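The residues making up each chain are set out below.
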Amino acid sequence: MTATSDGARKKPLLPTGVLAGYLRQILLPVAAALVVLVAWEVSVRVLNVSPVLLPPPSMILERLQELFFPLLLKHAIPTMWESVIAFLISSALGIALAGFLSSSTLLREAFYPNVVLFQLIPKIALAPLFIVWLGIGSQSRLAFSVFISFFPVVIATLAGLDNVDRDLLRLCRALRASEWQTFREVRLPHAIPYVFSGMKIATTFAIIGVIVGEFITSQAGLGYLILFASAQAETALILAAILVLCAFGLVFYGLVAIAETVTRTRFGA
Amino acid sequence: MDAAISTAVSGAAPVTDAPPYMSVQRVQKIYETAGGAVEAVSLADFTVTSGEFVAVLGPSGCGKSTLMMMIGGLEPTSAGRIRVDGAEITGPRADFGYIFQDATLLPWKSVLDNVLFPIKLEHGRTRDHLERARELLELVGLWDFRDKRPRQLSGGMRQRVAICRGLINDPKLLLMDEPFSALDAISRDDMNAALADLWDRYHKTAIFITHSIREAVYLADRVLVMSRRPSVISHDVRIPFQRPRRMAMQETAEFNEICGFLRRKIEEGYQRA
Ligand SMILES: Nc1ncnc2c1ncn2[C@@H]1O[C@H](COP(=O)(O)OP(=O)(O)O)[C@@H](O)[C@H]1O
Ligand SMILES: [Mg+2]
């Protein structure tokens with residue numbers, strides 16, 4: 001009897017097919033994560049690790065449940081607000097600056113290398129400067145967050161505006177389109193996917209900017225809560241706060257992804 | 001045998017009193033590149049009368065596209081002048097229609113919006129234009145596809161959309177640069193037939209660039225043979241067939257005789273070079 005005969009054919013470990021394919025894409029990573037969590041839980045208990053060093057996942061969940069409404073949500077709100085506002089400002093600023101730079105070869109040649117060079121600076125090191133300039137209020141956190149999150153938008157948008165098929169630009173010339181018409185009808189729609197890829201990166205950077213700002217100076221926010229909890233050796237609370245941050249980051253990214261789908265079906269880019 | 005085919009070398013256009021619709025006067029094009037100067041067109045000198053369909057035939061790299069770009073005002077000439085309808089060419093013109101080798105449709109616009117794109121740029125979309133777009137798309141069999149995006153169409157369908165776009169403005173001169181050379185042989189025959197039909201209906205003046213001898217003979221009233229570089233218009237051949245043109249025409253002895261004649265002229269060009 002060969003291995004391929006009907007009787008001997010093994011059932012696949014997971015169901016196959018299109019729907020099963022999607023399920024698999026979701027189930028498999030979830031299962032893998034569960035395995036890691038269970039291993040974490042078991043080993044921390046078996047080895048009797050102090051919860052200050054590494055609390056088990058069950059304890060983090062407990063903290064999350066217990067403190068979500070009284071504490072975590074209260075601190076999450078300013079962090080989320082500031083991240084979203086910083087993101088909106090940096091997106092608008094980034095797209096505008098990219099449009100401005102791509103409008104003339106002279107401007108681009110003068111500024112683009114500087115933008116790229118600036119991108120290389122470890123910008124987090126500049127956070128304290130913003131406090132010197134703008135004080136300890138939320139405006140310094142916002143400004144810093146905008147500062148680190150708008151570079152990816154500028155760079156990606158510029159790439160999108162400039163990578164336009166030369167044939168399309170020749171068509172615009174043949175049809176005697178103005179610079180502005182060429183920008184609006186061809187460069188900008190072409191850049192939409194690029195803009196969104198920059199904006200997706202910007203969501204993460206905006207959150208990082210706000211958290212770093214809160215580490216340095218603030219009376220509220222998840223960054224502040226994490227710092228406070230670490231001073232109290234409340235490791236489970238730190239991790240619970242990080243969990244909330246992760247959830248927010250995911251939702252934020254997801255909303256931008258949805259906005260992208262809507263825009264792209266609208267423009268069909 | 002060759003002598004039976006009427007051929008006139010450049011410049012010897014039929015003598016009439018009225019100035020020709022288009023005149024290309026001793027035009028030369030030299031591209032200055034980092035690797036030195038490239039003489040893309042050495043000497044082009046011919047005239048075209050209104051309503052004529054002129055094919056420019058030559059091997060690839062001989063400067064056909066360059067010639068078309070100069071006529072269309074997309075490239076300046078290095079020497080010589082081009083006049084169309086009484087005015088010297090200084091840039092792209094509204095009374096020209098352009099069709100390029102690639103369909104170059106806007107991927108984010110529907111078929112209908114692509115056809116209407118030139119009108120949109122002129123801020124002039126009207127009911128009449130919509131009617132005209134409909135007429136053109138129906139002629140090429142794509143009206144039912146008007147809401148589709150270019151990526152949902154085949155290469156031949158995309159090029160038909162590009163042709164409709166080139167005609168939407170009702171141009172006086174249609175400039176086509178190897179519009180079908182990216183298509184497979186069967187779609188190409190279809191497109192040739194479709195273009196011949198459009199031609200019988202609208203009767204524009206046209207410059208049609210191609211490196212296919214049969215395509216040139218099937219479509220054109222006149223074929224200009226462009227030699228390999230240094231590129232000059234080496235022959236100017238009148239195609240005697242009646243319109244409307246029919247596919248079956250391609251099987252006639254006369255058709256094949258003209259094709260053979262043109263092939264020999266192009267080969268002569270190779271040997272001289
Ligand atoms: N923009 C350009 N800059 C420099 N050289 C060019 C340019 N366009 C075309 N050429 C050169 O000019 C010659 C003729 O090109 P082209 O007009 O495209 O020929 P064809 O359309 O007959 O294939 C080629 O050698 C090509 O490399
Ligand atoms: Mg060419």
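Residues numbered from 1 in each chain as written. Chains lettered and ligands numbered in written order. Predicted model: local features only at pLDDT ≥ 70, side-chain atom pairs only at ≥ 80, totals over all residues. Heavy atoms only, no water.

1. Quick look at a nonpolar patch on the surface
Residue and element names in this part refer to chain A.
And then number 1: Taken together, Ile-77, Trp-81, Ile-85, Ile-89 and Leu-93 make up a surface patch of nonpolar side chains, about 460 Å² in accessible area.
And then number 2: Within the element layout of this structure, Ile-89 appears in helix H2 (residues 57–102).
And then number 3: Looking at Ile-89, the relative accessible area reads 37%, which means it is partly exposed. (Patch = residues over 30% accessible without salt bridge, like charges linked within 9 Å, V, L, I, M, F, W, Y side chains within 5 Å. Areas by Shrake-Rupley, 256 points an atom, 1.4 Å probe, with all protein chains shown as cover. Salt bridge = Lys/Arg side-chain N within 4 Å of Asp/Glu carboxyl O. Helix = DSSP H or I, 4+ residues; strand = E, 2+ residues; numbered from the N terminus. Buried < 20%, exposed > 50% of the residue type's maximum accessible area, 1.4 Å probe, protein only.)

2. Concerning the environment of Val195(A)
Residue and element names in this part refer to chain A.
And then number 1: One can find Val-195 in helix H7 (residues 179–216).
And then number 2: Along the chain, Val-195 and Val-153 lie 42 residues apart, while their C-alpha atoms are 6.3 Å from each other.
And then number 3: The residues contacting Val-195, other than those within four sequence positions of it, are Ile-95 and Thr-157. (Contact = heavy atoms within 4.5 Å.)

3. Looking at the site of ligand 1
Residues and elements named next belong to chain B.
And then number 1: For ligand 1, the full set of nearby residues is Tyr-31, Thr-33, Ala-40, Pro-59, Ser-60, Gly-61, Cys-62, Gly-63, Lys-64, Ser-65, Thr-66 and Arg-229.
And then number 2: Contact between ligand 1 and Tyr-31: a nitrogen atom at 3.5 Å from a side-chain N or O atom of the residue.
And then number 3: Secondary-structure elements contributing two or more residues to the shell around ligand 1 are strand E1 (22–33) and helix H1 (64–71).
And then number 4: Counting residues per element, the shell around ligand 1 draws most heavily on H1, which supplies three residues.
And then number 5: Partitioning the shell around ligand 1 into residue classes produces four nonpolar, six polar and two charged. (Near = heavy atom within 4 Å. Polar contact = N/O pair within 3.5 Å; in protein donor to acceptor, adjacent residues only side chain to side chain. Nonpolar A, V, L, I, M, F, W, Y, C, P; charged D, E, K, R; others polar.)

4. Observations concerning the environment of Gly135(A)
Residue and element names in this part refer to chain A.
And then number 1: Tracing the backbone shows Gly-135 in the loop between helix H4 (127–134) and helix H5 (138–162).
And then number 2: Classification of Gly-135 as partly exposed rests on a relative accessible area of 27%.
And then number 3: Counting along the chain gives 44 residues from Gly-135 to Ser-91, while the straight-line C-alpha distance between them is 24 Å.
And then number 4: When residues no more than four places from it in sequence are discounted, the contact partners of Gly-135 are Phe-130 and Ser-140.

5. Some remarks on the packing of aromatic side chains
And then number 1: Scanning the model with the defined rule gives 19 aromatic pairs over all chains in all.
And then number 2: Aromatic side chains Phe150(A) and Phe151(A) sit 4.8 Å apart centroid to centroid with 55° between the ring planes, which places their arrangement in the tilted category.
And then number 3: Judged by relative accessible area, which is 14%, Phe150(A) ranks as buried.
And then number 4: Taking relative accessible area as the criterion, Phe151(A) reaches 6% and is therefore assigned buried.
And then number 5: Aromatic pair Phe96(B) and Tyr98(B): ring centres 6.3 Å apart, planes at 55°, arrangement tilted.
And then number 6: An aromatic cluster of three or more residues is present, and its members are Phe118(A), Phe130(A), Trp133(A), Phe144(A), Phe147(A), Phe150(A) and Phe151(A).
And then number 7: Above the face of the Phe151(A) ring, Lys123(A) is positioned so that its terminal group lies 5.0 Å from the ring centre. (Phe/Tyr/Trp six-rings, centres within 6.5 Å; stacked < 30°, edge-to-face > 60°. Lys NZ or Arg CZ within 6 Å of the ring centre and 35° of its normal.)

6. Considerations on the domain arrangement of chain B
Residue and element names in this part refer to chain B.
And then number 1: You can read the domains of chain B as domain 1 (1–9 + 19–95 + 173–272) and domain 2 (105–171).
And then number 2: Relative to domain 2, the C-alpha centre of domain 1 lies at a distance of 25 Å.
And then number 3: At the interface, twelve residues of domain 1 touch 16 residues of domain 2.
And then number 4: A buried area of about 1,200 Å², summed over both sides, lies between domain 1 and domain 2, and 71% of it is on carbon and sulfur atoms.
And then number 5: Connecting domain 1 to domain 2 are two salt bridges.
And then number 6: Among the ionic pairs, Lys-204 bridges to Asp-170, the shortest N-O distance being 2.4 Å.
And then number 7: Taken together, domain 1 and domain 2 are joined by four residue pairs in polar contact (both at pLDDT 80 or more).
And then number 8: Those elements that provide at least two residues to the side of domain 1 that touches domain 2 are strand E7 (173–177) and helix H6 (185–202).
And then number 9: Here the side of domain 1 that touches domain 2 gets four residues from one element, more than from any other, and that element is H6.
And then number 10: Of the residues belonging to the side of domain 1 that touches domain 2, the class tally is nine nonpolar, no polar and three charged. (Domains from an automatic or database assignment. Buried area = accessible area lost by both parts, 1.4 Å probe.)

7. A few points about the interface of chain A and chain B
The accessible area lost on association of the parts is a frequent measure of interface size.
And then number 1: Of the residues lining the interface, 19 residues belong to chain A; the matching set on chain B comes to 23 residues.
And then number 2: At the boundary of chain A with chain B, total buried surface from both sides reaches about 1,900 Å², with 62% on carbon and sulfur atoms.
And then number 3: When residues of chain A are sorted by the area they lose upon contact with chain B, Arg170(A), Leu175(A) and Glu185(A) head the list and together hold 29% of the total.
And then number 4: For the pair chain A and chain B, the number of links is two salt bridges.

8. Looking at the sheet that holds strand E8 (residues 205–210) of chain B
Residue and element names in this part refer to chain B.
And then number 1: Taken in spatial order, the six strands make up an open sheet running E6-E7-E8-E3-E9-E10, and their pairing is mixed. Of all strands in the sheet, those bounded by a partner on one side alone are strand E6 (96–99) and strand E10 (233–238). The sheet shows a mean angle of 15° between the axes of neighbouring strands, direction not considered.
And then number 2: Where E6 and E7 come together, four bridges link them in parallel fashion. In the sheet register, Tyr-98 faces E7, and the bridge partner there is Leu-175.
And then number 3: Against the sheet, helix H5 (residues 155–167) makes contact with E6 and E7, and its axis sits at roughly 170° relative to E6, the strand it touches most. (Pairing = 2+ DSSP bridges. Axes fitted to C-alpha atoms, helices over the stretch in contact; angles between N-to-C directions.)

9. Considerations on the sheet that holds strand E2 (residues 36–48) of chain B
Residues and elements named next belong to chain B.
And then number 1: Strands sit in the order E2-E1-E4-E5 across an open sheet of four strands; the sheet is antiparallel. If you trace the sheet from one side to the other, it starts and ends with E2 and strand E5 (87–88), each paired once.
And then number 2: Summarising the sheet, E1 and E2 pair through nine bridges and their orientation is antiparallel. Bridge pairing in E2 links Met-22 to Val-48.

10. Focus on H7(A)
And then number 1: The terminal C-alpha atoms of H7(A) lie 46 Å apart, and with 38 residues this falls more than 12% below the ideal 56 Å at 1.5 Å per residue.
And then number 2: A maximum bend of about 45° is found in H7(A) at Ile192(A), where proline Pro193(A) lies one to four positions downstream. (Expected span 1.5 Å × (residues − 1). Bend = angle between axes of the 7 residues up to and from the residue.)

11. Focus on the pairing of E8(B)
Residues and elements named next belong to chain B.
And then number 1: For E8, a buried count of six out of six residues is recorded, marking the element as mostly surrounded by other parts of the structure.
And then number 2: Side chains Thr-205, Ile-207 and Ile-209 of E8 all project onto a buried face; the interleaved residues Ala-206, Phe-208 and Thr-210 project onto the opposite face, where all are buried too.
And then number 3: Strand direction decides the pairing type here: strand E3 (residues 53–57) and E8, joined by five bridges, are parallel. Bridge assignment links Ala-55 to a residue of E8, and that residue is Phe-208.
And then number 4: Two elements, E7 and E8, share five bridges in a ladder whose sense is parallel. Among the inter-strand pairings, Leu-174 is bridged to a residue of E8, identified as Ala-206.

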